[in-house]
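What follows is each chain in one-letter form.
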Amino acid sequence: MFPITKLQKLLLVFICLLTVNWIIFIISPRLTKFWSDLNLPIFLHAWNNTTTHSYPEAPLSSVVSPTETDLRIKEIIKKLDQLIPPRPFPNVNTTTSAAQSKVTVLNPRDTYCIGEQLDLLLEVRDHLGHRKEYGGDFLRARMSSPALKAGASGEVTDFNNGTYLIRYTLFWEGQVSLSLLLIHPSEGVSALWRARNQGYDRVIFTGKFVNGTSQVVSECGLTRNTSAELCQYLDTRDGEAFFCVKPQHMPCRALTYMTTRNREISYLTVEEKSLFHRSNVGVEMMKDLKHVAVSQCNKSEKIKDKCQIGMKIPVPSGYTLERRWITTFCNQIQLNTKEINGCLKGKLIYLLGDSTLRQWIHYLPKVVKTLKFFDLHGTGVFKKHLLLDAENNLLIQWKKHSFPFVTLQLYSVIDEGYIPMEIDRIPGDKNTVIVITIGQHFRPFPIDIFIRRAISVQKAIERLFLRSPATKVILKTENTRDMHANTETLGDFHGYIQYLTMNGIFKDLNVGVIDAWDMTIAYDSNNIHPPDDVIKNQITMFLNYIC
């Protein structure tokens, strides 16, 4: 063996370096594909791509091979399409008329007893008095006793042949007024459904990019329907995507703030729009039967179990009496201050959603006097909110859900994260509680956006329960709002479809449900932000679930 000289050593090192580079060159595409196939979540500022190609107006998921979620979305939309079939009409006279329709009490009596059900048969007719042979009208049944500050929703069963069963459960004693509103005729419902799913462009997102002292704004959105170079903010695992037209001389990661405004666009015909004039929305159908008498009848109330997470929610889920919400499916306890403070001690509570859940964090200091706001130095009213009680080791945080978040007010996207991402960051334990609500900000967009997010949240909760089954999760459904506010974009019909969809997606999860939809009908709260009475009772229900 000859001795290895210094020159030979250098030559050997050079050959080794060439070999390593060659191996990396060969396997790097496979490594890229491997990481891509894992579908790991991507945080907003962790991945920024640009493209100069033109794409059709569609979400990210429609231009890649369909996933299990994509197929599930299509199946849900197919069922919704069957529930809301096309109902073309030659003129308004052939649509459902509240005045011409007939309501009949089944098995009428002079007096009813608490706990009994009052059934009505509704036969819908058009404006010419002709009996209709199909259903699909958007109706709202409610009973009330204003003197008792009492209210409850009624249950509507559509037989899909022009007849409906309207059922009221009589919860309290006294004179009870009955109401049945025709919110929209079936022809209007069909038009709203078609219009909703036609375009993603009803809202203009404007992003502000900040790089040092330079600031520039650019149009953004949920789709990439442009030939301009784009910044892409992608979550490949859940198929979520957001895009901005890339500003010149500005990196994509410089996106810092967002604001929105409505685009003046409509997918309804002139004839269809006439169905949503103020005088045609929410028309009373009860012409003769105004009220019924309800007596105690010495009936004993059935003993109910304590409210617990995982209980199935009936319709109606409760009623209001003297402004207090009383559940129909469980025994709701009125906790005193000492009990509330003891229950919340050591808790980490995360409120994830929209401004209807932000109302909670502003009301909670009235319930727990020791809670104080901690300023996180955010931007605007939609910054992250934090309540602390250091002595009792209690933390309550509200954070808005990510895109779409629709508001004229400027908000920061630096700490942006979709709710599934936020859930994945929470370790969870027996003292951790998560409350979730989505809905209001999704109404202006095609339903697939909402369904995808709901499924992603469901999967994130399932992952949470695998690592921490003791964590408590509460779903607050979206609530009703002003029925005359921009029906095509924001109307309660869209909210109701989302409410039904959400209930279907979450039905098998071990979560607690606060039925804000049913509650706001009972309170007759026609406001996107319900009054304090409603918020107080939502929080009381929340405390019953976790204490």
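Residues numbered from 1 in each chain as written. Predicted model: local features only at pLDDT ≥ 70, side-chain atom pairs only at ≥ 80, totals over all residues. Heavy atoms only, no water.

Caption draft 1: Quick look at unusual backbone geometry. Note the cis peptide between V315 and P316, where omega equals -5 degrees. Mapped onto the elements, P316 comes out in the loop between β16 (291-295) and β17 (318-321). For the bond from F403 to P404, the omega torsion is 0 degrees, close enough to zero to count as cis. Checked against the element boundaries, P404 lands in the loop between β22 (394-400) and β23 (411-412). (Helix = DSSP H or I, 4+ residues; strand = E, 2+ residues; numbered from the N terminus.)

Caption draft 2: Region of interest: helix α6 (residues 355-367). If you check α6, its first and last C-alpha atoms are 19 Å apart, about what 13 residues at 1.5 Å a residue would give, namely 18 Å. When you tally the buried positions in α6, you get ten out of 13 residues, the bulk of the element. (Expected span 1.5 Å × (residues − 1). Buried < 20%, exposed > 50% of the residue type's maximum accessible area, 1.4 Å probe, protein only.)

Caption draft 3: Fine view of the state of the cysteines. The full count for this structure, using the stated rule, is five disulfides. With its sulfur 2.1 Å from that of its partner, C231 forms a disulfide with C252. The S-S bond linking C231 to C252 shows a torsion near -85 degrees; that makes this disulfide left-handed. Of this pair, C231 sits in strand β12 (residues 230-235) while C252 sits in the loop between β13 (240-245) and β14 (255-262); the two residues are 21 residues apart in sequence, bridging distant segments of the chain. Among the residues examined, C231 registers a relative accessible area of 0% and is labelled buried. Here C252 falls in the buried class, since its relative accessible area comes to 6%. Between the sulfur atoms of C307 and its disulfide mate C330 the distance is 2.0 Å. A torsion of 80 degrees about the S-S bond marks the disulfide between C307 and C330 as right-handed. Separated by 23 residues along the polypeptide, C307 in the loop between β16 and β17 and C330 in the loop between β18 (324-327) and α5 (337-344) bring together distant segments of the chain. In this pair, the class of C307 matches that of C330, namely buried. If one numbers only the bonded cysteines of the protein chain, in the order they occur, the disulfide pattern is 1-6, 2-4, 3-5, 7-8, 9-10. (Disulfide = S-S within 2.5 Å.)

Caption draft 4: Quick peek at the environment of I76. For I76, the position within the fold is in helix α2 (residues 68-83). Overall, the relative accessible area of 18% leaves I76 in the buried class. Each C-alpha atom of the pair I76 and D448 lies 9.0 Å from the other, and the pair is 372 residues apart in sequence. Beyond its immediate stretch of four places on either side in the chain, I76 contacts I451, I455, T501 and I505. (Contact = heavy atoms within 4.5 Å.)

Caption draft 5: Structural detail: α5. Inspection of α5 places I340, C343 and L344 among the buried residues, and these make up the whole buried set. Buried residues in α5, looked at end-on, bunch into an arc of 90 degrees, giving them a common side. If you follow the buried residues of α5, they end up packed against β19 (348-353), α6, β22 and α12 (532-546). For α5, the N-terminal capping position is held by N336, with its side-chain oxygen 3.2 Å away from the main-chain nitrogen of K338. In the stretch just after α5, G346 is the one whose phi turns positive, near 80 degrees. (Arc of directions from axis to C-beta. Polar contact = N/O pair within 3.5 Å; in protein donor to acceptor, adjacent residues only side chain to side chain.)

Caption draft 6: Structural context of the pattern of salt bridges. One pass over the full model with this rule turns up 24 salt bridges. D119 is the salt-bridge partner of R167, the closest N and O atoms lying 2.8 Å from each other. In this pair, R167 is assigned in strand β8 (residues 163-169) and D119 in strand β4 (residues 117-126), connecting sequence segments 48 residues apart. Residue classification places R167 among the partly exposed residues on the basis of a relative accessible area of 27%. Here the salt bridges do not stand alone but share partners, grouping K384, K399, D415, E422 and R425 into one network. (Salt bridge = Lys/Arg side-chain N within 4 Å of Asp/Glu carboxyl O.)

Caption draft 7: The arrangement of the pairing of β4 in detail. For β4, the buried fraction is high: seven of the ten residues fall into the buried class. Here six bridges tie strand β2 (residues 96-105) to β4, and the two strands are oriented antiparallel to one another. Paired with T96 across the strands is D126, a residue of β4. As paired strands, β4 and β8 are joined by seven bridges and run antiparallel to one another. Opposite L122, over in β8, you have Y164 as the bridge partner. (Pairing = 2+ DSSP bridges.)

Caption draft 8: Just the side chain of E422, in detail. Here E422 lies in helix α7 (residues 419-424). What makes E422 buried here is its relative accessible area of 10%. Here the side chain of E422 touches K399 through a polar contact of 2.6 Å, side chain to side chain. Not counting residues up to four positions away in its chain, the partners in contact with E422 are L352, K399, D415 and G417.

Caption draft 9: Layout of the packing of aromatic side chains. Tallying each qualifying case throughout the model produces 15 aromatic pairs. Ring centres 5.7 Å apart and planes at 80 degrees place the aromatic pair F442 and F450 in the edge-to-face group. For F450, a relative accessible area of 1% corresponds to the buried category. Grouping aromatic residues by their ring pairs yields a cluster made of F138, F493, Y496, Y499 and W517. Over the ring of Y134 we find R87, and its NZ or CZ is 4.0 Å from the ring centre. (Phe/Tyr/Trp six-rings, centres within 6.5 Å; stacked < 30°, edge-to-face > 60°. Lys NZ or Arg CZ within 6 Å of the ring centre and 35° of its normal.)

Caption draft 10: Expanded view of the nonpolar core. Ranked by size, the top nonpolar core spans 108 residues in total, and within it F242, M258, I461 and F542 carry the most contacts. Sort the elements by how many residues they give to this core and helix α8 (residues 447-467) lands first, with eleven residues. With residues up to four places along the chain from it excluded, the contact list for F242 reads F205, C220, G221, L222, C231, Q232, Y233, M258, F403 and Y418. The next biggest cluster of nonpolar side chains, apart from the first, holds 28 residues, and it includes Y112, I114, L139 and A150. (Core = buried A, V, L, I, M, F, W, Y, C linked by side-chain atoms within 4.5 Å.)

Caption draft 11: Quick peek at the pairing of strand β21 (residues 385-389). Of all five residues making up β21, four are buried, and the element is well covered by its neighbours. By the bridge criterion, two bridges tie strand β20 (residues 372-373) to β21 in an arrangement that is antiparallel. In the strand pairing of β21, K372 is matched with L388. Where β21 lies against β22, five bridges are found, and the strand directions are antiparallel. By the bridge assignment for β22, D389 is matched with L394. Connecting β21 to the next strand, β22, in antiparallel fashion are four residues, including N393 with a positive phi near 55 degrees.

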